[in-house]
Amino acid sequence: MAIAFTLNGKSTTVEAPPEMPLLWVLRDELDLKGTKFGCGRSFCGACTVHVNGEPERSCRMPVSRAEGKEITTIEGLSEDGAHPVQVAWQEIDVPQCGYCQAGQIMSASALLAGNPQPTDGDIDEAMSGNICRCATYGRIRAAIHHAAKLAQAPPTSHETATGAGGSEA
Amino acid sequence: MNAVDKTGNLSRRGFLHVTALAGGGMLIGARFSLDGARGAAAATAGADAALNAFIRLTPDGIATIMAQNPEIGQGVKTMLPMLIAEELDIPWSQVRVEQADFDSTKYRGQMAGGSMATPMHYQSMRRVGAAARAMLVAAAAKQWKTDPEKCTTEAGVVHFKKKSLSYGELATAAAEIEPPNPRTVPLKDPADFRIIGQEIPGVDNPKIVTGEPLFGIDVTVPGMKYAVFEKCRVHGGKVKTANLDAVKASPGVTDAFVVDATAQAESAAASFSMFQVAPPNGIAIVGDSWWLVNEARSKLEVTWDEGPTASQSTAAFDRQAEELSMQAPERDLRNDGDAAGALASAAKTLEAAYQYPFLAHAPLEPQNTTAHFHHGGLEMWAPIQTPQFARGDLAKTLGIPEDQITIHLTRMGGGFGRRLYWDYMLEAALIARQAGVPVKLVWTREDDTRFDFFRPGGYHYLKGGLDDSGNLVAWRDHFVSFGEGPRFAPSAEMAPNEFPQAFVPNFALQASKMPLGIPTGALRAPTSNAISFVVQSFIDELAAEAGKDPLQFRLDLLDAAPDGMRPAFDAKRMKAVLELVRDKSGWGTADLPEGTGQGVAFHFSHRGYFAEVVQATVSKEGELGVDRIWVAGDVGRQLVNPSNAVNQVQGAALDGLAQALDQEITFEGGRTKESNFHNFKLLRIDQAPPVEVHWVMSDNQPTGLGEPALPPVPPALCNAIFAVTGKRIRSLPIAKHDLSWT
């Protein structure tokens, strides 16, 4: 059946079985490979996208539920990788293998959208559905705090990170 | 390309060659051959094929450096080019990095494993960069009619008196220069390093944070179909009958067939590499959508020949191990002094039985490969840590020449040792050949968890003896493991010189084995990740029995190597990291609240020295929280990329924590019981304590960091739990134990 939604700001219509998870529509029908398959059962968060601004696990979301919604994937988070979370992730040098990071960034950006100054406790709560097998958690936490600062600063600011490799998480 | 090739000796078997690029600029590579003359000839003949060399320097001043090794998250795609760029003396901002394909004619050691990239390539990559720099200097000196010795370089520019030329301006002329002998080309004084030792972010970070396709699972080729592969849940089982017609009628399915490579693989197996895999047998379902072909699996009705492994289970292994522990060991692995006699006469003795479970690797990117037979050969895109071994073994199994197999190296969504083994590549190749179309095989998480090359479980029956003064005088370990005949199953062995061998006058290591039909293999810090738990926990028990501080007891033991013994590692280096972690963690001096305690452990592996302290809090009801981990490490005199070094160490420490807390793979009826992250639990952010990393910069060759920080964490955590509760954890995971205390 034809399902219509807004994908990264553009009207999109796909022909797909209604129960097909949004993840596979994104990856294999629309060729957006940034959203990752990790577990297929909402355990790991690698497939996190925004649905009307809220983080959702696309591996368990039938594409029929996307009808009429606004879907944002990692490819659409910013035009040029300049979203504060994307910038912070690079300045803190978060990734190891990098496979989970799209999902981490989508969860983190949704967190910051609703809570511009999250505490460590807020971060734990919002991010505990996203597994990082390389366990870059100390840097994920640091990068979310850093992104919060970047988002507050004027866009022309050249504020720099405190450094990628501080010896403490 | 109009090639002018010059060659220079790289090593006994390798040559540097330089090629002029058609549009200006130079290409520097190394070509390896059994003899120099043929190497030079091949370099001349194969200029076009040489595009994937080490450095491509173009007139715009940009140096494109090929990253030769597979990237699994260990940071090697950034690290190896850093080494070249340092000696080339070019700013990192003028460097671009590209992933090389697997090509054994151009690169050596294209492998991710064993924390080997730094020790293998630290000098050779620098020499490539230094040779290129020397050629640029020579080109400038020629133009200025001066002596190259009088020229200097800085940040991509050659200087002589007031003259200067940029590398971009010199690149085309430098292609005419005879390459120097890289073995004798001078290297920088480390005091002059501008890139090595700097915190350089991962080169793929911009692509990772914007979701660009990088990983094996992201590969697409024209005309490609998707595939899943259903195997017998009993390891080693085979298809008897299957309702293929019903599956073929499912939506989106274009083909379904039985794949059975048992015969070919068995005949080829005799000459396989050390990373051999079991012959695939199962049912392939091929179609237009991965999700649809995977859905079609639910329609499969298969009768299986389950084979002999159906009788194996974790419960049976536990029973068998206990029986074996009461019998005479199958063999001695090591005997120093007289352990039995010394235990009989010791002032105090202690006995304990330790065990640890099988573990899965669980890299977050499920196994996958895209395979395409065309032009008489096989082209593959695969996340693989060992392309050289994989290609050789694939060629033997598939019966095609090795040089007809091309492997494109993709970034890997983690490896941890799982992708040392190439079973999914063989499955993809067999499916693509039978289907007659390019095929992308993707496993589910359930496939990945069930069909791993597991870290083997193991059992240790220990006895230790102390003298009147509380010194360790005797150690006996009866290790019950897996294997058949003379051979241990992969990664189920134990080195006969594992600590405390050579530090105890009377030492006996004995082994018995049980047959195992389940595949095992290397998991990050193989053997060490298990043995450290056993040894460093029992050492802690002995320290307590001796009434000594557990950290001081270890320092004393490291001083106690009897004359004539040659320990597997340098005791002084280990003492230094122990003393550092003692000081940084406030060991024995911190004012800890009731319910909070510290535990310590050290381990030597992959040439790295690591001592770690874990601080844990256990409520009286038995709820465990890990507060902080302190790591002190010694990997030599230089961290190539301190940002990545710290990231690796923190990740390895937390990996060890995850294993200790709640990870276990179990078997019943020859089947893996765990299937996904709800029952094989990876660490989450709310469980991850801060990890402080400190270094001893000893004057030794730099070594690798992917693995050696992991092994001390499980025992240090268990020792911290003992410090609080008085309870010894002698089997993992900790989640199985009641930690409540009064």
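Residues numbered from 1 in each chain as written. Chains lettered and ligands numbered in written order. Predicted model: local features only at pLDDT ≥ 70, side-chain atom pairs only at ≥ 80, totals over all residues. Heavy atoms only, no water.

**Concerning the sheet that holds strand E2 (residues 10-15) of chain A**
Residues and elements named next belong to chain A. Here five strands make up an open sheet; going across it, the order is E2-E1-E5-E3-E4 and the pairing mixed. The open sheet has two free edges, formed respectively by E2 and strand E4 (54-57), since each of these has just one partner strand. Pairs of neighbouring strands in the sheet enclose a mean axial angle of 40 degrees, with direction left out of account. Bridge count for strand E1 (residues 2-7) against strand E5 (residues 70-72) is two bridges, and the pairing is parallel. Following the sheet pairing, Leu 7 is matched in E5 by Ile 71. In the packing of helix H3 (residues 101-114) onto the sheet, contacts are made with strand E3 (48-51), E4 and E5, and the angle to E3 comes to roughly 35 degrees. (Pairing = 2+ DSSP bridges. Helix = DSSP H or I, 4+ residues; strand = E, 2+ residues; numbered from the N terminus. Axes fitted to C-alpha atoms, helices over the stretch in contact; angles between N-to-C directions. Contact = heavy atoms within 4.5 Å.)

**Some points on the interface of chain B and chain A**
Taken residue by residue, the interface counts 63 residues in chain B and 57 residues in chain A. In total, chain B and chain A occlude about 4800 Å² of area from one another, counting both sides; carbon and sulfur atoms represent 57% of this. In this structure, the connection of chain B to chain A is made through four salt bridges. One salt bridge in this structure joins Arg41(A) and Glu446(B), with 3.9 Å as the shortest N-O distance. Linking chain B to chain A there are 24 residue pairs in polar contact (both at pLDDT 80 or more). Secondary structure elements with two or more residues in the side of chain B that touches chain A: helix H5 (205-210), helix H8 (290-296), strand E20 (439-442), helix H13 (445-450), helix H17 (642-662) and strand E30 (691-695) of chain B. Broken down by element, the residue count for the side of chain B that touches chain A peaks at nine residues, all from H17(B). (Buried area = accessible area lost by both parts, 1.4 Å probe. Salt bridge = Lys/Arg side-chain N within 4 Å of Asp/Glu carboxyl O. Polar contact = N/O pair within 3.5 Å; in protein donor to acceptor, adjacent residues only side chain to side chain.)

**Comments concerning the domain arrangement of chain A**
Residues and elements named next belong to chain A. Per the domain assignment, the segments making up chain A are domain 1 (2-76) and domain 2 (84-152). Its C-alpha centre places domain 1 at a distance of 21 Å from the equivalent point of domain 2. The interface of domain 1 with domain 2 comprises 16 residues on the first partner and twelve residues on the second. Summed over both sides, the interface of domain 1 with domain 2 buries roughly 1100 Å², with 60% coming from carbon and sulfur. Counting across the interface, domain 1 meets domain 2 through zero salt bridges. In this structure, the connection of domain 1 to domain 2 is made through six residue pairs in polar contact (both at pLDDT 80 or more). Of all the secondary structure elements, the ones that give two or more residues to the side of domain 1 that touches domain 2 are E3 and E4. With three residues, the top contributor of residues to the side of domain 1 that touches domain 2 is E3. Considered class by class, the residues forming the side of domain 1 that touches domain 2 number seven nonpolar, seven polar and two charged. (Domains from an automatic or database assignment. Nonpolar A, V, L, I, M, F, W, Y, C, P; charged D, E, K, R; others polar.)

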